[in-house]
Amino acid sequence: MTSTSPPSGSGLLERLAAGPVICAEGYLFELERAGYLTAGPYVPEVVLEHPDAVIRLHRDFLRAGSDVMLAFTYYAHREKLRLIGREGEIESMNRVAVRLARTVAQEGDALVAGNVCNSNIFVDGDAESARTVRAMFDEQVAWAIDEGVDFFVAETIAYLGEALLALEAIQETGLPAVVNLAIFRDGHTREGLTPAEACKRLEDAGADVVGLNCLRGPATMLPLLEAIRAAVSCHVSALPVAYRTTENEPIFLSLSDPDCACLPEGRAFPTGLDNLACNRYDIAEFTRDARTIGVNYLGVCCGAAPHHVRSMAEALGRQPPASKYSPDMSRHAYLGTIPEIPAANKEFAKNL
Ligand SMILES: [Zn+2]
């Protein structure tokens, strides 16, 4: 790591005070593509069935420059496990996920984050649903604390009210809280608040880092971040999906792929988004733009792969272990420029 890396051995807030922090995400999508969990339910069954695959992805993200190993407990909550009939394994799934994250974090100098997320059963203004959702957060937070985490991430939550419940659950532990909202296409929380208003409310309630993750790609997340940065004085997070969302199709659930006639029901989300993916240069550009705005907790969400994370790290001036293998086109068979490349190949390059 270069001198621009965060100070080693320190906690989240110390690292953020010293410079930006990277938290690689996108475990669900990457492990679905690899064949270890099912699109649709999107439950991290892989944690129990193929822990080696989770370890491998954590390790890839660590080598790519992630400062945080996020325990893969996204959707390992009671409501999701009930839907797939595995409620009896909820505790082991949560505990093992934290252990896997910790195992890899210790191979480098990464922090371990516990993770809670959207319950999908929160009803705005309904006290009973609030109690149910809070209990879901409480049990996941307790298992994570028991296994040992450095801080918590509450994420992909579209209701401020639900995000506040997650924050309260985290605050009981005394550990730092990152709270990331997911903003659907109308540009507001589900209660109708602007992201900036909602983030200000989360900051006022005691969140250490507030911002956005998921749903929106770099192009449609950036404009919201400027308003959030202006509204709060705490750290700001941004973890877009690695897809090219547009003004007309601002979230990845609404993206269309007019060049493909073979999509199931004509819908690219979630398994036909490949042609709409951000490349590593898109992510590098997003990283620079987000830094310019003042975002200092950065990552990539659904669609992310290790090359995106390395690109983000390098855009921050870092050289993580995986940078050893960053592109060197000077040695390419045809496009190369070094003397050892045959002149005939360089000449042929114009025919490519
Ligand atoms: Zn996501």
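So, here's what we can say about the structure. (Residues numbered from 1 in each chain as written. Predicted model: local features only at pLDDT ≥ 70, side-chain atom pairs only at ≥ 80, totals over all residues.)

**A few points about unusual backbone geometry**
- A cis geometry characterises the amide bond from phenylalanine 269 onward to proline 270, with omega recorded as -10°.
- Here proline 270 lies in the loop between β7 (235–239) and α11 (280–293).
- Although it is not a glycine, tyrosine 42 adopts a positive phi angle of roughly 55°.
- Relative to the helices and strands, tyrosine 42 resides in the loop between α2 (27–33) and α3 (46–49).
- Within the chain, tyrosine 75 stands out as a residue other than glycine whose phi angle is a positive 65°.
- The residue tyrosine 75 is located in the loop between β2 (68–70) and α5 (78–83) in this model. (Helix = DSSP H or I, 4+ residues; strand = E, 2+ residues; numbered from the N terminus.)

**A closer look at the environment of isoleucine 22**
- One can find isoleucine 22 in strand β1 (residues 21–22).
- Separated by 47 residues in sequence, isoleucine 22 and methionine 69 have C-alpha atoms that sit 9.7 Å apart.

**Observations concerning the sheet that holds strand β4 (residues 151–157)**
- The sheet built from eight strands is open, its strands ordered β1-β8-β7-β6-β5-β4-β3-β2 with parallel pairing. At either end of the open sheet lies a strand with only one pairing partner, and these are β1 and β2.
- Strand direction decides the pairing type here: β4 and strand β5 (residues 177–181), joined by four bridges, are parallel. By the bridge assignment for β5, valine 153 is matched with valine 178.
- The strands that helix α6 (residues 90–105) touches are β2 and β3 (111–117); relative to β3, the one it contacts most, it runs at about 155°. (Pairing = 2+ DSSP bridges. Contact = placed C-beta atoms within 7 Å. Axes fitted to C-alpha atoms, helices over the stretch in contact; angles between N-to-C directions.)

**Some details on the packing of α6 against helix α7 (residues 127–147)**
- Where α6 contacts α7, the two axes come as close as 9 Å, and the packing angle between them is 40°. Classified by the angle between their axes, α6 and α7 sit oblique to one another. Crossing handedness for the pair α6 and α7: right-handed. Residues Glu91, Asn94, Arg95, Val98 and Arg99 of α6 touch α7, and the partners they reach there are Gln140, Trp143, Ala144 and Glu147. (Parallel < 35°, antiparallel > 145°, perpendicular 65-115°, else oblique. Left-handed = near helix turned anticlockwise from the far one by under 90°.)

**A look at the packing of helix α9 (residues 195–204) against helix α10 (residues 218–231)**
- Two elements in contact, α9 and α10, have axes separated by 8 Å at closest approach and are oriented at 40°. Here the hand of the crossing between α9 and α10 comes out right-handed. Facing α9, whose interface residues are Pro195, Ala196, Cys199 and Lys200, α10 presents Leu224, Ala227, Ile228, Ala230 and Ala231.
- When its residues are assigned to classes, the contact of α9 with α10 shows eight nonpolar, no polar and one charged. (Nonpolar A, V, L, I, M, F, W, Y, C, P; charged D, E, K, R; others polar.)

**Things to note about the nonpolar core**
- Of all hydrophobic cores here, the largest spans 117 residues; its most connected members are Ala113, Ala154, Ala163 and Ala166.
- With nine residues, the single largest contributor to this core is α6.
- For alanine 154, the contacting residues outside a window of four places in its chain are Val116, Ala163, Ala166, Leu167, Ile170, Ala177 and Val179. (Core = buried A, V, L, I, M, F, W, Y, C linked by C-beta atoms within 7 Å. Buried ≥ 20, exposed ≤ 12 C-beta atoms within 10 Å, placed from the backbone.)

**Structural notes on α9**
- Looking only at α9, the buried set comprises Pro195, Ala198, Cys199, Arg201, Leu202 and Glu203.
- Following α9 by one or two positions, glycine 206 adopts a phi angle in the positive range, close to 115°.

**Focus: the pairing of β7**
- Counting buried residues along β7, five of its five residues qualify, which places the element largely inside the surrounding structure.
- Residues His235, Ser237 and Leu239 line one face of β7 and the alternating positions Val236 and Ala238 line the opposite face, and both faces are buried.
- Bridge count between strand β6 (residues 209–213) and β7: five bridges; the pairing is parallel. Its bridge partner lying in β7, valine 209 is registered against histidine 235.
- For the crossover from β6 across α10 to β7, the handedness is right-handed.
- Bridge count for β7 against strand β8 (residues 297–298) is two bridges, and the pairing is parallel. What sits directly across from serine 237, in β8, is tyrosine 297.
- As for the winding sense of the linkage, the β-α-β connection from β7 through α11 to β8 is right-handed. (Right-handed = clockwise from strand over helix to strand, strands pointing away.)

**Describing the environment of asparagine 118**
- The residue asparagine 118 is located in the loop between β3 and α7 in this model.
- The class of asparagine 118 is buried, set by 24 C-beta atoms lying within 10 Å.
- For asparagine 118 and glycine 11, which are 107 residues apart along the polypeptide, the C-alpha to C-alpha distance reads 26 Å.
- Contact partners of asparagine 118, with chain neighbours within four places excluded, come to Thr156, Ile157, Ala158 and Glu162.

**Concerning helix α12 (residues 306–315)**
- Among the 10 residues that make up α12, nine are buried, leaving the element largely enclosed by the rest of the structure.
- Along α12, the residues classified as buried are Pro306, His308, Val309, Arg310, Ser311, Met312, Ala313, Glu314 and Ala315.
- Elements in contact with the buried residues of α12: β1, α4 (51–64), α11 and β8.
- Directly after α12, the chain includes glycine 317, whose backbone phi takes a positive value near 85°.

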